[in-house]
Amino acid sequence: MSTTNKSIVFLVIAFAISWAIVIGGWALGWHEQPSMVTVVLAGSMFGPSIAAFICAMAFEKGRRAESLGLRFKPNLWWLAAYIAAILICAASVAITIGAGASSYVDLSTGVIAMAEQVQPGQADALQAMAPYLGIIVLAQALILGALVNSVILTFSEELGWRGYLHGLWRGAGFWRASLGTGFIWGIWHAPAIYLFGLNYPDNREVGVGLFIVFCMLLSPILTFIRDRGASVWAAGIFHGTFNALGALTLMTLSNPAFPWSGVVGIGGFAALAIGVVIVALLQRRGDQQVAG
């Protein structure tokens with residue numbers, strides 16, 4: 001089967017599974033139940049991995065693990081993926097504060113403020129931990145959150161996007177593969193944003209378009225890390241760490257309202273744009289070295 005046909009089959013299955021879960025959950029009214037929102041969105045994440053597994057089994061006999069990018073041989077780029085995710089999230093906060101759109105909030109204060117909104121009963125208990133709460137939350141995000149998210153996202157989204165689809169599209173060139181994957185990846189999120197308010201709960205229509213651009217900015221960074229890390233695991237580490245720190249970028253801002261909503265706001269877009277420029281320079285340097 002041709003690469004084009006494999007791509008079509010993969011995308012149809014990935015979208016069908018994920019969108020069916022999200023649209024089905026919305027039809028059942030689960031978007032109004034906070035506990036079920038998490039279940040629906042988490043379940044929808046596995047559409048790309050299921051599609052990748054099905055396609056690998058059907059079309060990639062003799063090279064199934066290779067077609068999924070499941071090469072487990074860590075190198076320094078795996079560590080770079082972890083650090084890059086931290087730097088981009090930190091930069092999004094710094095840019096937001098530097099632009100005068102918000103001021104810095106101690107993480108302990110931010111966690112307690114969020115608890116008062118979501119679970120008021122726990123706020124008092126957190127107050128007693130205030131001197132160390134910020135350090136504890138940050139450490140949990142950087143260690144446990146990053147580890148758990150990296151494993152989950154490697155075997156859900158990334159197994160599809162930077163695993164199977166990467167193998168199909170990378171031959172078209174770095175930028176075509178990256179921007180094409182980013183565009184599709186952004187559209188794939190559309191029902192979760194529009195129906196469940198993912199990332200943009202009060203600006204859903206605009207959020208759909210914004211997140212397509214966001215994914216197109218994020219995708220070259222992930223492609224670069226996937227290439228240099230020589231494994232889908234490297235992309236999973238970046239994505240997992242990035243997601244683990246995403247909520248903290250909101251908690252450390254005094255006014256995380258749209259359009260300055262943490263890493264998915266203007267500061268995040270600017271940080272990603274800087275990251276893409278760095279990737280372009282590194283990619284060009286690598287191409288020149290190969291040519292030389």
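Bear in mind the structure is a predicted one, so any value in this text is a computation, not a measurement.

Trainee: Looking at this model, I keep getting lost on the environment of L11. Mind explaining?
Mentor: Inspection of the secondary structure assignment puts L11 in helix α1 (residues 3-27). Separated by 67 residues in sequence, L11 and W78 place their C-alpha atoms 27 Å apart. Excluding residues that lie within four positions of it along the chain, L11 makes contacts with W161, L165, W169 and I184.

Trainee: What should I look at first to understand the pattern of salt bridges in this one?
Mentor: When charged atoms on two side chains of opposite charge get close, those side chains can pair. With the rule as written, the count across this model stands at five salt bridges. With its nearest N and O atoms 3.8 Å apart, the salt bridge here joins R63 to E66. Exposure remark for E66: the relative accessible area of 57% places this residue in the exposed category. R170 is the partner of D227 in a salt bridge, and the nearest nitrogen-oxygen pair spans 2.9 Å. Of this pair, D227 sits in helix α11 (residues 204-229) while R170 sits in the loop between α8 (130-169) and α9 (174-188), and the two are 57 residues apart along the sequence. Its relative accessible area of 22% is what places D227 among the partly exposed residues. Within this structure, K6, E60, R63 and E66 form a network of salt bridges that share partners.

Trainee: Help me understand α11 in this model?
Mentor: With 26 residues, α11 ought to run about 38 Å at 1.5 Å a step, and its terminal C-alpha atoms sit 35 Å apart, in line with that. The largest bend in α11 comes to about 25 degrees, at L218, with the proline P220 one to four residues further on. At the C-terminal side of α11, A230 shows a positive phi close to 55 degrees.

Trainee: How do you make sense of unusual backbone geometry when you look at a structure like this?
Mentor: Leaving glycine out, the prevailing phi sign among residues is negative, and the prevailing peptide bond configuration is trans. Between F258 and P259 the backbone carries a cis peptide bond, its omega angle lying at 10 degrees. Mapped onto the secondary structure, P259 falls in the loop between α12 (232-251) and α13 (266-291). Although it is not a glycine, N199 sits at a positive phi angle of roughly 70 degrees. Tracing the backbone shows N199 in the loop between α10 (190-196) and α11.

Trainee: Explain the environment of I184 here, please?
Mentor: Assignment of secondary structure puts I184 in helix α9. A residue is classified by how much of its surface remains accessible, and I184, at 18% relative accessible area, is buried. Considered as a pair, I184 and I212 are 28 residues apart in the sequence and their alpha carbons are 8.0 Å apart. For I184, the residues in contact, after removing those within four places along its chain, are L11, F15, W161 and W169.

Trainee: Honestly, the packing of helix α5 (residues 76-98) against α12 in this entry has me stumped. Any pointers?
Mentor: Two measures define how a pair of helices packs: the angle their axes make with one another and the distance between the axes. It is at 8 Å that the axes of α5 and α12 come closest, and there the two elements cross at 25 degrees. Comparing their axes, α12 and α5 come out roughly parallel. By crossing handedness, the relation of α5 to α12 is classed as right-handed. Contact residues: α5 offers W78, A81, Y82, A84, A85, I86, I88, C89, S92 and V93, while α12 offers W233, A234, I237, F238, T241, F242, L245 and T249.

Trainee: Would you take a moment to explain α12 for this structure?
Mentor: An α-helical turn contains 3.6 residues, so any two residues separated by three or four positions project in the same direction. Taking 1.5 Å of rise per residue, the 20 residues of α12 would be expected to cover 28 Å, and the 30 Å separating its terminal C-alpha atoms lies within 8% of that figure. Maximal helix bending in α12 amounts to about 30 degrees, located at L245. α12 sits mainly inside the fold: 17 of its 20 residues count as buried. The residue sitting at the N-terminus of α12 and contributing the capping side-chain oxygen is S231; that oxygen lies 3.0 Å from the backbone nitrogen of W233.

Trainee: In this structure, what is going on with the side chain of S150? I would like to understand it.
Mentor: Mapping S150 onto the fold places it in helix α8. Separated by 2.5 Å, the side chain of S150 and the backbone oxygen of A146 make a polar contact. Ignoring sequence-local partners within four residues, the contact set of S150 consists of G236, I237, G240 and T241.

Trainee: It is not clear to me how the side chain of R162 should be interpreted in this structure. Could you clarify?
Mentor: Examined against the element boundaries, R162 turns out to sit in helix α8. Separated by 2.7 Å, the side chains of R162 and E158 make a polar contact. Excluding residues within four positions of it along the chain, R162 makes contact with T181, W185, S219, L222, R226, V232 and A235.

Trainee: Honestly, the nonpolar core in this entry has me stumped. Any pointers?
Mentor: Inside soluble globular proteins, nonpolar side chains tend to come together where they are buried. Membership of the largest hydrophobic core comes to 59 residues, with the highest contact counts inside it found for F10, W161, F214, L218, I221, F238 and F242. Beyond its immediate sequence surroundings of up to four residues, F238 is in contact with A81, A84, A85, I88, L218, I221, L222 and I225. One finds V22, V37, L41 and A192 within the second-largest nonpolar core, a separate group that totals seven residues.

Trainee: Got a minute to help me understand the packing of aromatic side chains in this structure?
Mentor: Two aromatic rings are characterised by how far apart their centres lie and by the angle between their planes. Here the structure, examined in full by the defined rule, presents 15 aromatic pairs. Between the aromatic rings of Y200 and F258, the centroid separation amounts to 6.2 Å while the plane-to-plane angle is 85 degrees, which identifies the pairing as edge-to-face. With a gap of 58 residues between them, Y200 in the loop between α10 and α11 and F258 in the loop between α12 and α13 connect regions that are remote in the sequence. The exposure class assigned to F258 is partly exposed, which follows from its relative accessible area of 35%. Ring centres of F238 and F242 lie 5.7 Å apart, and the angle between their planes is 15 degrees; on these two criteria the pair is classed as stacked. Highlighted residues: F238 and F242, both in helix α12, separated by four residues, approximately one helical turn.

Conventions adopted
Residues numbered from 1 in each chain as written. Predicted model: local features only at pLDDT ≥ 70, side-chain atom pairs only at ≥ 80, totals over all residues. Heavy atoms only, no water. Helix = DSSP H or I, 4+ residues; strand = E, 2+ residues; numbered from the N terminus. Contact = heavy atoms within 4.5 Å. Salt bridge = Lys/Arg side-chain N within 4 Å of Asp/Glu carboxyl O. Buried < 20%, exposed > 50% of the residue type's maximum accessible area, 1.4 Å probe, protein only. Expected span 1.5 Å × (residues − 1). Bend = angle between axes of the 7 residues up to and from the residue. Axes fitted to C-alpha atoms, helices over the stretch in contact; angles between N-to-C directions. Parallel < 35°, antiparallel > 145°, perpendicular 65-115°, else oblique. Left-handed = near helix turned anticlockwise from the far one by under 90°. Polar contact = N/O pair within 3.5 Å; in protein donor to acceptor, adjacent residues only side chain to side chain. Core = buried A, V, L, I, M, F, W, Y, C linked by side-chain atoms within 4.5 Å. Phe/Tyr/Trp six-rings, centres within 6.5 Å; stacked < 30°, edge-to-face > 60°.

So, to be careful, I would describe these as geometric facts and stop short of saying anything about function.
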